Amino acid sequence: MTGRGGQGPGGATTPPGTDRTGADQKTGGGALLVVGDVVTDVVARHRGPLASGTDTASAIRTLPGGAGANVACWAAHQGCADVRLLGRVGTDAAGWHERELRASGVRPHLVVDPEAATGTVICLVDTGAAAERTFLTDSGASLRLDPDDWSPGLLDGVARLHLSGYLFFSEPSRALVSVALASARARGVPVSVDPASAGFLTGLGVDRFLALVEGVDVLLPSRDEACLLTGLPDPADAAAKLSRLFPLVVAKQGAEGALVAQGGGVRSRVPAAPAVPRDTTGAGDAFTGAFLAALLAGAEPQDAAAQGCRAGALAVGKVGGRPPVG
């Protein structure tokens, strides 16, 4: 871990002959670097509607989370041997988060913020058949990442860079994104982005988000995010339209699987894996982590999406957004 302003280890065009999607790239064990949020999840599982003004019986657990951290952990769980994470936490939970990440096989580069507490998300999960969840989010230190936390050396040995969409929702972390993208382009490292939140996207603005992610190689939106980014009601049409802007688009559709789009059209529809939902928190992160691990291992996008669907099914069958440890 480093203190405030400390740096972890570590726009030119992509070198000729490099596949911008990375789909055909054999990485030979290259690392995945994830930059994103590390938060504490308070998961409250309740049945039926919340009782306003009184008590609602719930099962409550405190767990490590954050979209960026979850993606990193799932990538390691799916066999990626070298997964690294750059994130920011408060002094209140820095040691716990570092231990949890290492236990999941992730090499943490955590910047400790002396002023802001670690981000906290209250996850309200209805224990009905769909196990749908609602988030109450206090991003805390996680969105205070800034360019001073970046070093080009972070990309040493890295074959892929993944940026959590939550980075786009604060000014300091947007500035970090710009620096990280420039560093990745200078080295020819393919970059993926998961938009992360339809609600926050609406607040930021679609046009602004699309301008910020211009030049990204892989976009991994949810169905709602894909439709929001295009203004189209059909997710297949939305994925196809987005694939005119990004070399590879994989739209996650939950129980309906995933769509893989390239060159302006949907190339494959990948079915979901069977699952009995307990908690859908982190299902999209599980998909993304497994998908990126498969690409790093040399899989084609359709096969990588199938691995992502299997990880998503595993995620919804357990409580919390991280894979099982051990």
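Here goes a summary of the coordinates provided.

What counts as what
- Residues numbered from 1 in each chain as written.
- Predicted model: local features only at pLDDT ≥ 70, side-chain atom pairs only at ≥ 80, totals over all residues.
- Heavy atoms only, no water.
- Salt bridge = Lys/Arg side-chain N within 4 Å of Asp/Glu carboxyl O.
- Helix = DSSP H or I, 4+ residues; strand = E, 2+ residues; numbered from the N terminus.
- Pairing = 2+ DSSP bridges.
- Contact = heavy atoms within 4.5 Å.
- Buried < 20%, exposed > 50% of the residue type's maximum accessible area, 1.4 Å probe, protein only.
- Axes fitted to C-alpha atoms, helices over the stretch in contact; angles between N-to-C directions.
- Phe/Tyr/Trp six-rings, centres within 6.5 Å; stacked < 30°, edge-to-face > 60°.
- Left-handed = near helix turned anticlockwise from the far one by under 90°.
- Nonpolar A, V, L, I, M, F, W, Y, C, P; charged D, E, K, R; others polar.
- Lys, Arg positive; Asp, Glu negative; His and termini not counted.
- Polar contact = N/O pair within 3.5 Å; in protein donor to acceptor, adjacent residues only side chain to side chain.

**Regarding the pattern of salt bridges**
Tallying each qualifying case throughout the model produces twelve salt bridges. The partner of Arg-208 in a salt bridge is Glu-171, with the nearest N and O atoms 3.7 Å apart. A residue pair is termed long-range when its members are at least 10 positions apart, and Arg-208 in helix 5 (residues 206-212) and Glu-171 in helix 3 (residues 171-187) qualify at 37 residues. A single network of salt bridges, built from pairs that share partners, joins Arg-88, Asp-113, Glu-115, Arg-144 and Asp-149.

**A short note on the pairing of strand 6 (residues 119-126)**
In this structure, strand 2 (residues 39-46) lies alongside strand 6, joined through eight bridges in parallel fashion. Bridging from a neighbouring strand, Val-39 pairs with Gly-119 of strand 6. Bridge count for strand 6 against strand 7 (residues 133-138) is six bridges, and the pairing is antiparallel. If you follow Thr-120 over to strand 7, its bridge partner there is Asp-138.

**Notes on the side chain of Ser-104**
Following the sequence through the fold, Ser-104 ends up in the loop between helix 2 (94-103) and strand 5 (106-113). Here Ser-104 is in contact with Cys-73, Ala-76 and Val-325, once residues within four sequence places are set aside.

**Some thoughts on the environment of Val-193**
Counting through the fold element by element, Val-193 comes out in strand 9 (residues 191-194). You can call Val-193 buried: its relative accessible area is 0%. Aside from chain neighbours lying at most four places away, what touches Val-193 is His-162, Leu-163, Phe-168, Phe-209, Val-213, Val-216, Val-218, Leu-219 and Leu-220.

**Quick notes on the sheet that holds strand 13 (residues 265-270)**
In space, the nine strands of this open sheet follow the order 5-4-1-8-9-10-11-12-13, with mixed pairing throughout. Looking at the sheet topology across the chains shown, the edges are occupied by strand 5 and strand 13. Alignment of strand 12 (residues 258-262) against strand 13, held across five bridges, turns out to be antiparallel. From the neighbouring strand, Ala-261 faces strand 13, where its bridge partner is Val-266. Sitting on the sheet, helix 2 touches strand 4 (83-90) and strand 5, and the angle it makes with strand 5 is about 170°.

**A word on the packing of aromatic side chains**
Per the stated rule, a full pass over the model turns up five aromatic pairs. Ring plane angle 85° and centroid distance 5.9 Å describe the contact between Tyr-166 and Phe-200, whose orientation is recorded as edge-to-face. Taken together, the residues Tyr-166 in the loop between strand 8 (158-164) and helix 3 and Phe-200 in helix 4 (residues 198-204) connect sequence positions 34 residues apart. By relative accessible area, which is 15% here, Tyr-166 ends up buried. Here Phe-200 falls in the partly exposed class, since its relative accessible area comes to 34%. An aromatic cluster of at least three residues, connected via ring pairs, comprises Tyr-166, Phe-169 and Phe-200.

**What about unusual backbone geometry?**
Non-glycine residue Ala-196 carries a positive phi angle of around 85°. Among the secondary structure elements, Ala-196 is positioned in the loop between strand 9 and helix 4.

**Overview of helix 1 (residues 67-77)**
Within helix 1, ten of the eleven residues are buried, which leaves the element mostly enclosed by the surrounding structure. Among the residues of helix 1, Ala-67, Gly-68, Ala-69, Asn-70, Val-71, Ala-72, Cys-73, Trp-74, Ala-75 and Ala-76 are the ones counted as buried. Of the residues flanking the end of helix 1, it is Gly-79, one or two places downstream, whose phi is positive at about 110°.

**Examining the packing of helix 8 (residues 283-296) against helix 9 (residues 301-316)**
The interhelical angle for the contact between helix 8 and helix 9, taken along N-to-C directions, is 145°, at an axis separation of 7 Å. Pair helix 8 / helix 9 crosses with right-handed handedness. Here Ala-283, Ala-286, Phe-287, Ala-290, Phe-291, Ala-294 and Leu-295 of helix 8 come into contact with helix 9, specifically with Pro-301, Ala-304, Ala-305, Gln-307, Gly-308, Cys-309, Ala-311, Gly-312, Ala-315 and Val-316. Its residues assigned to classes, the contact of helix 8 with helix 9 shows 14 nonpolar, three polar and no charged.

**Side note on the side chain of Asp-37**
Take Asp-37: it is sitting in the loop between strand 1 (31-35) and strand 2. One buried charged residue, Asp-37, forms no salt bridge at all, with the nearest opposite charge on Arg-322 at 8.9 Å. Separated by 2.9 Å, the side chain of Asp-37 and the backbone nitrogen of Gly-68 make a polar contact. Filtering out sequence-adjacent residues up to four positions away, Asp-37 remains in contact with Gly-65, Gly-66, Ala-67, Gly-68, Ala-69, Ser-142, Ser-164 and Tyr-166.

Functional significance is not addressed by these values, which are geometric in nature.
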